[in-house]
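Observations on chain architecture
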Amino acid sequence: MSHKTINPESLPKPSGFAHGMLAGNTVFLGGQTALDKNMNIVPGGIVEQFTQAFSNVLTTLREAGGQPEDLVNVTIYLTDVDDYMANGREIGRIWREMAGSQYPAMAGIGVTRLWQKEAMIEIQGIAVIPER
């Protein structure tokens, strides 16, 4: 089975990693923080960072030919689980706006820090793209 690297031009250019890998009809979506095109973490709190990080994940998924409903697994790494939970309703609303009401298998994991010191969240996922 061949593999295809997925690096959307609209995302920061990766160095030492890929934003995604397409293997057959499965897309492995690399961890995304709230980096904008200029390699800066977006200003604001967990809600703004969730929005940017998830947008980055979905951009990679769409570049691979997938849609949000193709997500089968999402892992969210958080530097402040309590803050995420306190904003859960707003984050859920944003998820539904961006990806619909179908949720994949998910895990939220608390960590002490992420690659960029100001990052509060990193999201990675796996999607299976059906034949359309």
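Report on the accompanying structure.

Analysis parameters
Residues numbered from 1 in each chain as written. Predicted model: local features only at pLDDT ≥ 70, side-chain atom pairs only at ≥ 80, totals over all residues. Heavy atoms only, no water. Core = buried A, V, L, I, M, F, W, Y, C linked by side-chain atoms within 4.5 Å. Buried < 20%, exposed > 50% of the residue type's maximum accessible area, 1.4 Å probe, protein only. Helix = DSSP H or I, 4+ residues; strand = E, 2+ residues; numbered from the N terminus. Contact = heavy atoms within 4.5 Å. Pairing = 2+ DSSP bridges. Axes fitted to C-alpha atoms, helices over the stretch in contact; angles between N-to-C directions.

A word on the nonpolar core. Core analysis: the largest hydrophobic core is formed by 26 residues, its most contacted members being Val-27, Phe-50, Phe-54, Leu-71, Tyr-84, Ile-121 and Ile-123. Elements that contribute at least two residues to this core include exactly β3 (26–32), α1 (46–63), β4 (71–78), α3 (88–99) and β6 (121–128). The greatest single-element share of this core, amounting to eight residues, is contributed by α1. Not counting residues up to four positions away in its chain, the partners in contact with Phe-54 are Leu-71, Trp-95, Met-98, Ala-99 and Ile-123.

Right, let's talk about the sheet that holds strand β1 (residues 3–6) for a bit. Read from one edge of the open sheet, six strands run β1-β2-β3-β6-β4-β5, paired in mixed fashion. With partners counted over all chains shown, the strands left at the sheet margins are β1 and β5 (105–110), one partner each. Averaged over neighbouring strand pairs, the angle between their axes works out to 10 degrees when direction is ignored. As paired strands, β1 and strand β2 (residues 20–23) are joined by four bridges and run antiparallel to one another.

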